[in-house]
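# Coordinate inspection notes
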Amino acid sequence: MFDAPLWRDYFVMVGGGAAALTGLVFVAMSLHLSDIASDPTHRHRARTILTALTDVFVRCGLVLMGGQTARAVGVEIFVVPGGLFRSLNEALRGSGAAQHGVLFRTLGYAACLIIEQTGAAILFFGHTWGLYAIGVGMMASFLFIVSGAWLLLVAVESPARRPTL
């Protein structure tokens, strides 16, 4: 059986943080909904950020379910982020020279997911130290998720987009 008590606090903290950030980001995006909806880049960034935060929350919740084997947890961590890879692929295809930062951030976030997926595969094959890779990947992904949310909000609230009084 999976030794959940050793990792419980970690997944509670990360899942709770992801849930809180999801709510805050959702409210902030709601306040700028027309600006976000009218720009394809903003729509993509908003969708990716909310999906990424929700994904972290869901994976933490699944890990905390009782009575699971390490193999079951490995499968859950490996399978859940599948939709994010499609979204990241769209970001890579849409990023040109003018969006060099988008390309860097997308590749960085994809690297975090790959680290998590590698940890999940290691866990699946019976090595609980794969949880460390999962943990590092999750925590590192927050750097990209939170900075992406900030960049989105700054972009929709930039002085060039504000109406003059």
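Before any of the text, the structure's been laid out above.
This write-up is about the structure you can find in this document. Treat the numbers as computed from the prediction; the structure is a model and nothing was measured. (Residues numbered from 1 in each chain as written. Predicted model: local features only at pLDDT ≥ 70, side-chain atom pairs only at ≥ 80, totals over all residues. Heavy atoms only, no water.)

### Some points on the overall build of the protein
Where we set the bar: In this text, helices come from DSSP runs of H or I with a minimum length of four residues, and strands from runs of E with a minimum of two, each type numbered from the N-terminal end. We call two residues in contact when some of their heavy atoms are within 4.5 Å. Computed with a 1.4 Å probe, the accessible areas rest on the Shrake-Rupley method; for each residue, only the protein chains presented here act as cover.
Counting secondary structure elements, the protein contains seven helices and zero strands. For the protein, the succession of helices and strands along the chain, N to C, is α-α-α-α-α-α-α. Intrachain contacts of the protein at a sequence separation of at least 6 include 73% that bridge at least 24 residues. Carbon together with sulfur atoms contributes 72% to the accessible area of the protein, which is approximately 9000 Å² in total.

### Some points on the nonpolar core
Our working definition: Nonpolar cores were defined as sets of buried Ala, Val, Leu, Ile, Met, Phe, Trp, Tyr and Cys residues, with membership established by side-chain atoms within 4.5 Å. Burial classes follow relative accessibility: with a 1.4 Å probe on protein chains only, a residue under 20% of its type's maximum area counts as buried, one over 50% as exposed, and anything between as partly exposed.
Membership of the largest hydrophobic core comes to 32 residues, with the highest contact counts inside it found for Phe11, Ile49, Ile134 and Met138. Secondary structure elements with two or more residues in this core: helix 1 (4-31), helix 3 (40-64), helix 4 (70-79), helix 6 (100-124) and helix 7 (130-156). Looking at this core element by element, the count peaks at nine residues for helix 7. Residues within four places of Met138 in sequence aside, it is in contact with Tyr10, Phe11, Val14, Val56, Arg59, Cys60, Ile77 and Glu116.

### Re helix 4
As a reminder of what qualifies: To obtain the arc, one takes the directions from the helix axis to the C-beta atoms.
Those residues of helix 4 lying buried are Ala70, Val73, Gly74, Glu76 and Ile77. Angular distribution of buried residues about the axis of helix 4 spans 165°; they occupy a single face of the element.

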